[in-house]
Amino acid sequence: MTSPITQLPGPAEAANRPVPILSHWIGGRTVEVQPEGTGPVHNPATGEVIARVPRGGAAEVDAAVAAARRAFPAWRDMSLLARSQIFFAYRELVYSHREQLAALITRDHGKTFDDALGEVMRGLETVEFACGLPLHLAGLNTPNVSTRVDVHTLRQPLGVAAGITPFNFPVMVPMWIYPIALACGNTFVWKPSSHTPGATQLQTELWKEAGLPDGVFNVVYGGREAVSAILEHPGVDAIQFVGSTAVGRYVYETGVKNGKRVGAYTGAKNAMVVLPDADMELAADAAVASGYGSAGERCMAQTLIIAIGDAADRLLPVMKERIGKLKIGPGMEPDVDMGPIYSAEHRASLIEWIGKGVAEGAELVHDGRPLHVAEHPDGYFLGVTLFDNVTPEMEIYRQEIFGPVLGIVRAATYDEALSMINGHQYGNGTAIFTTDGGAARRFELEVDVPMIGINVPIPVPAGYLSFGGTRGSAFGDLKMRGEDGIRFFTQQKIVTVRWPEPGRREALSLAFPGNR
Ligand code: NAD
């Protein structure tokens, strides 16, 4: 089974074939979709319509949840080794299809092929973590917590879990959610972004090929209607959401109100601090790579550079030199550093943001707006933008822009920089650039942001560790993946055991039993 959307035809072939229409995936099969109930998917490098995706709603969500419910008892009860064999098979399939997945990401999202391949490999880390599920699900066993009384703990699945994911990491972010949900014995309904369906479809096909039983993994495309149906469906037990803060807050509040366990991992405005003693070549590379990689469409991009003392004056010329050499074009071209913006609407909003920065009084050092990629006049290309003298009062400092727009903020002291980061409405990732171990140690202890880089600009923890932010960057008590992920997708039971022994019955007592 291969859908036309997962194939990458040459331009001549593509021109001659009908635009493929994607389908939901429910109970191990596709669902018939009428063209009038679909929306277009564009290739952001060319502006062409490459596919149409269905707009699912309550009926499709209901069918997917029913399929997941039916599949749940057998999946929950499958031996852990048999379950982990399916994960090993899926791991092998993702690895052997990594380039196809990466090319699909590049086609639908626009990021460069190398960047997309990195995304696939970072997602795979969490699949690999999930392969060890028999150990992750192990409980504790404590004999003799009281006289002849033992205690053991179990971790059991919740039932049907849902994942609602964004456009910017169509493989890595879902792979931070569904492997853990499934490894814990839940069945799954995925509501992916409609902007990037190629990699979604291929992941679905690979699960089928790996031997996942029908109904364990279901996909429903759609927007607000599908999401609301998930939030309100009594058959959904747990939801992890990744996306913007406004939608994440709604998902969290509505899901919790409806009695579900919800984790929402949301928007960001990350800042890296550059101390005057930093290696400025390293710091400039880090700022440019982190801020403009994937066209700034990463929740871990450092989009504010807080430079202390004279650091900005020494960093700026190096950054300008790096920026001058960046090549912007279609992500499949081998020497391209940055691809297009993912949609025409988002490109228009970024242009507005740059205008707003100028109006607010930030100094425009490099303007991305005039860029024109002659061979692809209909692509959604935008150059990189750098502002200097950004201040905390400005909207371009306060809000997530989610594009290739960087701002340098000048601070007099380390303490001033720290209070800026700790006082920001977002707290996802941060970094410090310094050669002073003592300063780095202080930062690690004092900064109120959970994911920290020391001379590392994109501090995404390895795939077997947890991931998540604070303040406006996350809602819920547990992070994604790793140990928190296992906790999120399971219920712990604690069993207290006493077996009768002949001749050792205690006398009846109504007192609360002390553990003696
Ligand atoms: P988005 O919030 O627009 O969409 C996320 C998901 O919600 C998609 O599946 C989408 O279809 C759905 N959705 C969109 N609008 C909705 C609405 N009104 N009601 C219900 N559902 C809706 O986010 P996006 O533009 O796809 O992704 C970019 C955002 O995701 C950025 O804010 C970025 O910081 C964030 N992000 C966060 C993390 C993280 O781990 N914290 C990781 C990646 C991306």
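For the structure itself, consult the block above.
Each value, and the rule that gives it
- Residues numbered from 1 in each chain as written.
- Predicted model: local features only at pLDDT ≥ 70, side-chain atom pairs only at ≥ 80, totals over all residues.
- Heavy atoms only, no water.
- Pairing = 2+ DSSP bridges.
- Helix = DSSP H or I, 4+ residues; strand = E, 2+ residues; numbered from the N terminus.
- Axes fitted to C-alpha atoms, helices over the stretch in contact; angles between N-to-C directions.
- Contact = heavy atoms within 4.5 Å.
- Parallel < 35°, antiparallel > 145°, perpendicular 65-115°, else oblique.
- Left-handed = near helix turned anticlockwise from the far one by under 90°.
- Nonpolar A, V, L, I, M, F, W, Y, C, P; charged D, E, K, R; others polar.
- Expected span 1.5 Å × (residues − 1).
- Bend = angle between axes of the 7 residues up to and from the residue.
- Buried < 20%, exposed > 50% of the residue type's maximum accessible area, 1.4 Å probe, protein only.
- Near = heavy atom within 4 Å.
- Polar contact = N/O pair within 3.5 Å; in protein donor to acceptor, adjacent residues only side chain to side chain.
- Areas by Shrake-Rupley, 256 points an atom, 1.4 Å probe, with all protein chains shown as cover.
- Phe/Tyr/Trp six-rings, centres within 6.5 Å; stacked < 30°, edge-to-face > 60°.
- Lys NZ or Arg CZ within 6 Å of the ring centre and 35° of its normal.
- Salt bridge = Lys/Arg side-chain N within 4 Å of Asp/Glu carboxyl O.

**Here we look at the sheet that holds strand β15 (residues 385-388)**
Point 1. The 7 strands are arranged β14-β15-β16-β13-β12-β18-β19 in an open sheet whose pairing can be described as mixed. Each edge of the sheet is formed by a strand with only one pairing partner; in this case those strands are β14 (363-366) and β19 (451-454). Within this sheet the neighbouring strands show an average axis-to-axis angle of 20 degrees, counted without direction.
Point 2. Bridge analysis of β15 against strand β16 (residues 405-411) gives 3 bridges, and the strand direction is parallel. When the bridges of β16 are listed, Leu386 appears paired with Leu406.
Point 3. Sitting on the sheet, helix α12 (residues 311-324) is in contact with β12 (270-274), β13 (302-308), β14, β15 and β16, with an inclination near 165 degrees to β16.
Point 4. Strands β14, β15 and β16 of the sheet are contacted by helix α13 (residues 344-360), whose axis makes an angle of about 20 degrees with β15.

**Side note on the packing of helix α15 (residues 414-422) against helix α16 (residues 437-446)**
Point 1. It is at 11 Å that the axes of α15 and α16 come closest, and there the two elements cross at 25 degrees. With respect to α16, the element α15 is oriented roughly parallel. Classified by chirality, the crossing of α16 by α15 is right-handed. Each of Tyr414, Asp415, Leu418, Ile421 and Asn422 in α15 lies in contact with α16, whose residues at this interface are Arg442, Phe443 and Glu446.
Point 2. Looking at the contact of α15 with α16 residue by residue, the classes come out as 4 nonpolar, 1 polar and 3 charged.

**Concerning helix α2 (residues 58-77)**
Point 1. The terminal C-alpha atoms of α2 lie 29 Å apart, and with 20 residues this matches the ideal 28 Å at 1.5 Å per residue to within 8%.
Point 2. Most pronounced at Ala71, the bend in α2 amounts to some 40 degrees, and the proline Pro73 follows within four residues.
Point 3. Turning to α2, its buried residues are Val61, Ala64, Val65, Ala67, Ala68, Ala71, Phe72 and Trp75.

**Notes on the side chain of Thr303**
Point 1. Of note, Thr303 is situated in strand β13.
Point 2. Thr303 has contacts with Lys269, Asn270, Val405, Leu406 and Gly407, leaving out every residue within four places of it along the chain.

**Quick word on unusual backbone geometry**
Point 1. The backbone of Asn144 sits at a positive phi, close to 60 degrees, despite the residue not being glycine.
Point 2. Position of Asn144 relative to the elements: it lies in strand β5 (residues 141-146).
Point 3. Within the chain, Asn455 stands out as a residue other than glycine whose phi angle is a positive 60 degrees.
Point 4. By the secondary structure assignment, Asn455 is in the loop between β19 and β20 (470-471).
Point 5. With relative accessibility at 29%, the residue Asn455 sits in the partly exposed group.

**A look at the sheet that holds strand β6 (residues 149-157)**
Point 1. With antiparallel pairing, 3 strands are arranged side by side in an open sheet as β5-β6-β22. If you trace the sheet from one side to the other, it starts and ends with β5 and β22 (490-497), each paired once. Strand-to-strand twist of the sheet, defined as the mean angle between neighbouring strand axes without regard to direction, takes the value 30 degrees.
Point 2. As defined by bridge partners, β5 adjoins β6 across 3 bridges and the pair is classed as antiparallel. Directly across from Ser146, in β6, lies its bridge partner Val149.

**Looking at the site of the ligand**
Point 1. Taken together, 25 residues form the shell around the ligand, and within it Thr165, Lys191, Ser244, Thr266 and Glu400 come nearest.
Point 2. In the model, an oxygen atom of the ligand is placed 2.6 Å from a nitrogen or oxygen of the Ser244 side chain.
Point 3. Starting from 840 Å² of accessible surface for the ligand in isolation, the protein chains cover 85%.
Point 4. Looking at the shell around the ligand, the elements with two or more residues in it are α9 (224-232) and β10 (238-242).

**Description of the packing of aromatic side chains**
Here the distance between the centres and the angle between the planes together describe a pair of aromatic rings.
Point 1. Counting across every chain of the model gives 15 aromatic pairs.
Point 2. Ring geometry for Tyr178 and Phe188: centres 6.2 Å apart, planes at 65 degrees, overall edge-to-face. One end of the pair, Tyr178, is in helix α7 (residues 172-183); the other, Phe188, is in strand β8 (residues 187-191), with 10 residues separating them in the sequence.
Point 3. Overall, Tyr178 belongs to the buried group, its relative accessible area being 1%.
Point 4. Note that Arg83 overlies the ring of Trp75, its terminal NZ or CZ placed 5.5 Å from the centroid.

**Brief notes about the pairing of β10**
Point 1. Burial within β10 is extensive, with 5 of its 5 residues counted as buried.
Point 2. Of the two faces of β10, the one holding Ala238, Gln240 and Val242 and the one holding Ile239 and Phe241 are both buried throughout.
Point 3. For strand β7 (residues 160-164) and β10, the ladder comprises 4 bridges, and the chain directions are parallel. Across the sheet, Ile164 pairs through a bridge with Phe241, a residue of β10.
Point 4. Strand direction decides the pairing type here: β10 and strand β11 (residues 261-265), joined by 5 bridges, are parallel. Bridge assignment links Ile239 to a residue of β11, and that residue is Val262.

**A word on the pattern of salt bridges**
Point 1. Within this structure, the stated rule accounts for 26 salt bridges.
Point 2. Linking Asp115 and Arg298 is a salt bridge whose minimum nitrogen-to-oxygen distance equals 2.9 Å. In this pair, Asp115 is assigned in helix α5 (residues 113-131) and Arg298 in the loop between α11 (280-292) and β13, connecting sequence segments 183 residues apart. Of the two residues, Asp115 and Arg298, neither departs from the other in class, the shared state being buried.
Point 3. With a closest N to O distance of 2.9 Å, Asp448 and Arg471 form a salt bridge. With Asp448 in the loop between α16 and β19 and Arg471 in strand β20, the pair connects residues that are 23 residues apart, well separated along the chain.
Point 4. Relative accessible area serves as the criterion here: at 40%, Asp448 is assigned to the partly exposed category.
Point 5. Taken together, the salt bridges that share partners define one network made up of Glu281, Asp285, Glu321, Arg322 and Lys325.

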